[in-house]
Every structure is written in C-alpha cells, then in structure tokens.
Amino acid sequence: MTAEAEVLGELRRLRARLPQLTGALAASADGLVLAHDTVDGAAESVAALTAAALGVGRRLTESTGQGGFRELLVRGETGYVATYAAGGSAVLTLLAEPRINVGRLHLEARRSSARIGTLVDGALDRRDLP
C-alpha cells in the first residue's frame, strides 16, 4: 500500500469518527495536496490557503515565544476550519459543521495528525511521495 493510500485511509477513518466533518485534507507544508476526502472539489485551493495560514501561524507562535506551530482553529459563521501540524513536512486541515464538539475535534485530529505525520515523514525518507 502506498503512503498516499494510507493517508487517505486515515482521513476516511477520521471522518467516520467525527460525522460533523465536511472535509479532510492532508497537504505538504508548501500547499501540495497529498490526499483528501472532501465533499467539494476545492482541495487544491484549500491546500494553498492552508500553506499561507501555516506560514502566518508559524510566524505568530515563534515571534510570541509560544514555540513551534501545532494547530490553528478558525470559526466562521457556518463552521470551523482546523489545521494541525502533521510531522515535519505536512499538515492536516479539517472542515467541520458549527455543531461539532471542538474538544473532540482536537482530540481526534491530534491523533490523526500524528499518524499522518509518521506516514508522510516515513514516505519522504523512502522517497515514496513526491
């Protein structure tokens, strides 16, 4: 099984555990889609915006003495966008309905981002991902 398929499997398992998710995306830190399980066809643009938000998040945490970037949560009128560091070279971005339990979102997403980070970092070490 390829790393991409394993990451996609993790995204699907995460969505099964959190039915209020409307989309899940794993991307490289520079905005390339690695795998996605989303309802709409906007994976590439969400990955690019995630890379931009990641850059701001990194600068914000480092310049305020909060250490390395871990996660970012944005609440809009009709739901949430949450981004989590996934290893050294990837991010997990989730779209969620406004009624999601944010604590549960964080718990499940942190576990999944750790798994995805391990998969992606391992694949990059083996040259299994672009």
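Residues numbered from 1 in each chain as written. Predicted model: local features only at pLDDT ≥ 70, side-chain atom pairs only at ≥ 80, totals over all residues. Heavy atoms only, no water.

The chain goes by Roadblock/LAMTOR2 domain-containing protein in an unreviewed UniProt entry, where it is assigned to Streptomyces hydrogenans.

**Q** If you had to explain the overall build of the chain to someone new, which residues and values would you point to?
**A** Summing up its helical and strand segments, the chain has three helices and five strands in all. Listing each helix as α and each strand as β along the chain from the N terminus yields α-β-β-α-β-β-β-α. In terms of C-alpha radius of gyration, the chain reaches 14 Å, essentially the compact-globule figure of 14 Å for 130 residues. A total of 130 residues make up the chain; the buried ones form 41% of that total. For the chain, the proportion of contacts with a sequence separation of at least 24, taken over those separated by at least 6, is 49%. Per element, the accessible surface of the chain, about 7100 Å² overall, is 54% carbon and sulfur. Looking at charge distribution, the chain has the averaged site of its 15 positive side-chain charges lying 6 Å from that of its 15 negative ones. (Helix = DSSP H or I, 4+ residues; strand = E, 2+ residues; numbered from the N terminus. Rg over C-alpha atoms; globule rule 2.2 N^0.38 Å. Buried < 20%, exposed > 50% of the residue type's maximum accessible area, 1.4 Å probe, protein only. Contact = heavy atoms within 4.5 Å. Areas by Shrake-Rupley, 256 points an atom, 1.4 Å probe, with all protein chains shown as cover. Lys, Arg positive; Asp, Glu negative; His and termini not counted. Charge placed at Lys NZ, Arg CZ, Asp CG, Glu CD.)

**Q** Would you mind going over helix 3 (residues 102–126) in detail, with residue names and values included?
**A** Count 3.6 residues to each turn of an α-helix, and residues three or four apart come out pointing the same way. For helix 3, built from 25 residues, the straight-helix expectation of 36 Å at 1.5 Å per residue is met to within 8% by its first-to-last C-alpha distance of 35 Å. Listed as buried for helix 3 are L105, H106, E108, A109, S112, S113, I116, G117, V120, G122 and A123. Close packing links the buried residues of helix 3 with helix 1 (3–17), strand 1 (21–28), strand 2 (33–38), strand 3 (71–76), strand 4 (79–86) and strand 5 (90–96). The opening residue of helix 3 is N101, an N-cap whose side-chain oxygen sits 3.0 Å from the backbone nitrogen of G103. The positive-phi residue at the C-terminal boundary of helix 3 is R127, with phi of around 65 degrees. (Expected span 1.5 Å × (residues − 1). Polar contact = N/O pair within 3.5 Å; in protein donor to acceptor, adjacent residues only side chain to side chain.)

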